[in-house]
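# Coordinate inspection notes
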Amino acid sequence: MGSSYNSETTADALVHDLAAAIKGTSILTTGVSRGGLGAAFVESIAAAQPRLLILAGRTLGKLQETADTIKAKHSGVEVRLLELDLSSFAAVRKAADTVLGWDDVPRIDVLVNNAGVMGIDWARSVDGFEMTFVVNHLGHFLFTNLIMSKILASEAPRVVNVSSEGHRFNPIRWGDYNFHDGDTYNKWQAYGQAKTANMLMALSLAKKLGKTHGLLAFSLHPGFVFTHLSDHMNWWEEQSAIQAVDVALGNVEDQVEFMSAQHGAATHIFASFAPGLEGMAQRIPKHNNKPSSNIRSSANNGAYLTGCHVADPFTETVKPWGTSVVEAERLWQLSEQLVGQTFTY
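Residues numbered from 1 in each chain as written. Predicted model: local features only at pLDDT ≥ 70, side-chain atom pairs only at ≥ 80, totals over all residues. Heavy atoms only, no water.

As annotated in an unreviewed UniProt entry, the protein carries the name Short-chain dehydrogenase and is attributed to Aspergillus fumigatiaffinis.

Printed below as a string of structure tokens:
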């Protein structure tokens with residue numbers, strides 16, 4: 001499955017091939033404003049008749065624009081909006097309570113943590129933490145764990161974290177994750193730390209819930225796509241700052257080649273529905289409401305994907321700090337400390 005897929009594969013082509021896997025599923029996606037990869041993802045998979053598309057984001061008006069686009073083409077697909085401000089733990093908890101209160105939505109088959117910020121100036125969240133880390137990681141960490149009961153109610157649960165090749169810019173800054181309240185802030189190191197966190201969170205979820213509940217979790221690099229994520233900056237002027245971070249870390253990177261949103265969202269779809277990946281952690285039916293321990297799992301559960309395949313650390317940009325189970329567990333414990341809640345599985 002998927003041997004012919006690569007960075008040239010489009011989202012619509014994958015939807016055509018994976019329509020049977022998508023049909024009838026309930027998918028919750030964060031960050032789905034028009035013109036972004038999240039919107040390209042949900043608009044493409046709508047053609048395969050999922051049961052429910054939950055669109056989550058901070059601004060209901062922007063969510064409605066994407067919902068209207070979907071309904072205009074696929075009127076039979078149910079679309080539901082969820083107000084979710086990832087920058088506030090209180091707001092995240094409110095959104096999670098809303099999802100848990102939807103009795104007519106018994107399960108979420110796929111959660112795609114797509115929302116994020118990139119290259120922003122120093123800012124502190126309402127809870128006191130560096131904003132890039134909060135929006136890209138801590139908010140998603142809290143939200144995912146709070147709604148985990150509905151995810152695990154699926155017969156084939158998946159969580160997909162949208163990371164980036166930009167994880168190469170920095171590992172987790174264990175002694176200074178908050179950049180000394182801005183004094184040591186570098187926007188690209190902050191982005192690297194957050195994208196590394198996306199990878200490590202997927203690895204932790206796979207390790208903690210793959211064998212016991214059949215959960216598949218992946219992180220991914222979608223490719224380089226011009227979206228509203230970079231509207232606030234001049235991408236070309238940022239190249240010298242990015243190069244400086246790469247030089248400091250000894251990174252040698254190829255020329256960036258930008259692609260369309262259709263190509264960028266393809267790996268979202270591959271990570272969310274490809275049956276070849278599903279076979280890596282086979283779920284055994286529950287007995288007496290208890291998950292069976294007889295579940296085969298693969299080392300590829302928790303993997304980092306790019307170009308519709310599992311990334312190769314020897315030929316592609318996959319930093320070891322994003323694939324370490326030790327770093328993953330350390331981040332899990334730090335994240336629990338920062339959000340003020342423990343999640344034991």
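This is not the end of the story, as more comes after the structure.
### Describing the sheet that holds strand β9 (residues 304-306)
The test is simple: Strands are treated as partners if at least two bridges between them are detected by DSSP. Runs of H or I in DSSP of at least four residues are treated as helices and runs of E of at least two as strands, each being numbered from the N terminus.
Pairing is mixed in the open sheet, where eight strands are placed in the order β3-β2-β1-β4-β5-β6-β9-β10. Unpaired on one side and paired on the other, β3 (78-83) and β10 (309-310) mark the two borders of the sheet. Both strand β6 (residues 216-221) and β9 contribute to a ladder of three bridges, which runs parallel. By the bridge assignment for β9, Ser219 is matched with Tyr304.

### Notes on helix α3 (residues 37-45)
Operational definition: Remark: exposure states derive from per-residue accessible area (1.4 Å probe, protein chains only) relative to the maximum for the residue type, with buried under 20%, exposed over 50%, and partly exposed in between.
Counting buried positions over the nine residues of α3 gives eight, a clear majority of the element. When α3 is considered as a whole, its buried residues turn out to be Leu37, Gly38, Ala39, Ala40, Phe41, Val42, Ser44 and Ile45.

### A word on the pairing of β6
The test is simple: Here the term right-handed applies to a crossover when the path leading from its first strand over the helix to its second strand runs clockwise, the strands being oriented away from the viewer.
With six of six residues buried, β6 lies mostly within the body of the structure. Across five bridges, strand β5 (residues 158-162) lies against β6 in parallel orientation. Opposite Asn161, over in β6, you have Ser219 as the bridge partner. Following the chain from β5 across helix α8 (residues 187-213) to the adjacent parallel β6, one finds a crossover that is right-handed.

### Regarding the packing of α3 against helix α4 (residues 60-73)
As a reminder, the rule being used: The angle between two axes is taken between their N-to-C directions and runs from 0 to 180 degrees, where each axis is a line fitted to C-alpha atoms and a helix contributes only its stretch in contact. Here is the rule for angles: anything less than 35 degrees is roughly parallel, anything more than 145 is roughly antiparallel, 65 through 115 is roughly perpendicular, and the remaining ranges are oblique. Crossings are sorted by hand: turned counterclockwise from the far helix by less than a right angle, the near helix makes the crossing left-handed, and turned clockwise it makes it right-handed. Only heavy atoms matter for contacts: two residues are in contact if any of them lie within 4.5 Å across the pair. In this count, Pro and Cys sit with the nonpolar residues alongside Ala, Val, Leu, Ile, Met, Phe, Trp and Tyr, while Asp, Glu, Lys and Arg are called charged and the others, Gly among them, polar.
Interhelical geometry of α3 versus α4 gives an angle of 25° and a closest axis separation of 10 Å. Judged on the interaxial angle alone, α4 and α3 are roughly parallel. Two packed elements cross with a definite hand, and for α3 against α4 that hand is right-handed. Side by side, α3 and α4 meet where Ala39, Val42 and Glu43 of the first sit next to Thr66, Thr69 and Ile70 of the second. Tallied by class, residues from the contact of α3 with α4 come to three nonpolar, two polar and one charged.

### Some details on the pairing of β3
Summarising the sheet, strand β2 (residues 52-57) and β3 pair through six bridges and their orientation is parallel. Bridge pairing in β3 places Ile54 opposite Arg80.

### Topic: the packing of α3 against helix α11 (residues 266-273)
In a pair of packed helices, the angle between the axes and the distance between the axes together describe the arrangement. Put simply, α3 and α11 touch, their axes get as near as 9 Å, and they point 60° apart. Classed by the angle they form, the pair α3 and α11 counts as oblique. For α3 against α11, the interelement crossing comes out right-handed. Two secondary-structure elements touch here, α3 through Leu37, Phe41, Ser44 and Ile45 and α11 through His268, Ile269, Ser272 and Phe273. Across the contact of α3 with α11, the residue classes tally to five nonpolar, three polar and no charged.

### Quick notes on helix α9 (residues 239-249)
Definition in use: The arc in question is the one spanned by the directions pointing from the helix axis to the C-beta atoms.
Among the residues of α9, those classed as buried are Ile242, Val245 and Asp246. Projection of α9 onto a plane perpendicular to its axis shows the buried side chains occupying an angular sector of 95°, all on one side. Exposed side of α9, more than 90 degrees from the buried face: Ser240, Gln243, Val247 and Ala248 are the residues found there. Elements in contact with the buried residues of α9: α8.

### Things to note about the pattern of salt bridges
Charged atoms that come close allow side chains of opposite charge to pair. Selection criterion: A side-chain nitrogen of Lys or Arg and a carboxyl oxygen of Asp or Glu constitute a salt bridge if their distance falls within 4 Å.
Under the counting rule described, the total for this entry stands at eleven salt bridges. Asp109 serves as the salt-bridge partner of Arg107, at 2.9 Å between the closest nitrogen and oxygen. Here Glu329 ties to Lys208 by a salt bridge, and the two come within 2.9 Å at their closest N and O atoms. Here Glu329, found in helix α13 (residues 325-339), pairs with Lys208, found in helix α8; they are 121 residues apart in sequence, far enough to count as distant. For Glu329, a relative accessible area of 29% translates into the label partly exposed. Via salt bridges that share partners, Glu78, Arg80 and Asp104 belong to a single interconnected network.

### Comments concerning the nonpolar core
Just so we agree on the cut-off: Each nonpolar core is a collection of buried residues, namely Ala, Val, Leu, Ile, Met, Phe, Trp, Tyr and Cys, held together in the definition by side-chain atoms within 4.5 Å.
Counting residues in each nonpolar core, the largest one holds 55 residues, and the members touching the most others are Leu28, Leu82, Phe143, Ile147 and Leu205. When contributions to this core are tallied by element, the ones reaching two or more residues are β2, α5 (89-100), α6 (131-146), α7 (148-152), α8 and α13. Look past the residues within four positions of Leu205 in its chain and what remains in contact with it is Thr144, Asn145, Met148, Val159, Gly210, Leu215, Ala217 and Trp332. Counting residues in each nonpolar core, the second largest holds 39 residues, with Val15, Val112, Val162 and Ala274 among its members.

### Regarding the environment of Thr144
Along the chain, the position of Thr144 falls in helix α6. The exposure class assigned to Thr144 is buried, which follows from its relative accessible area of 0%. With 33 residues separating them along the chain, Thr144 and Leu111 place their C-alpha atoms 7.9 Å apart. Those residues within four positions of Thr144 in sequence are excluded, and the remaining contacts are Leu111, Asn113, Ile151, Val159, Met201 and Leu205.

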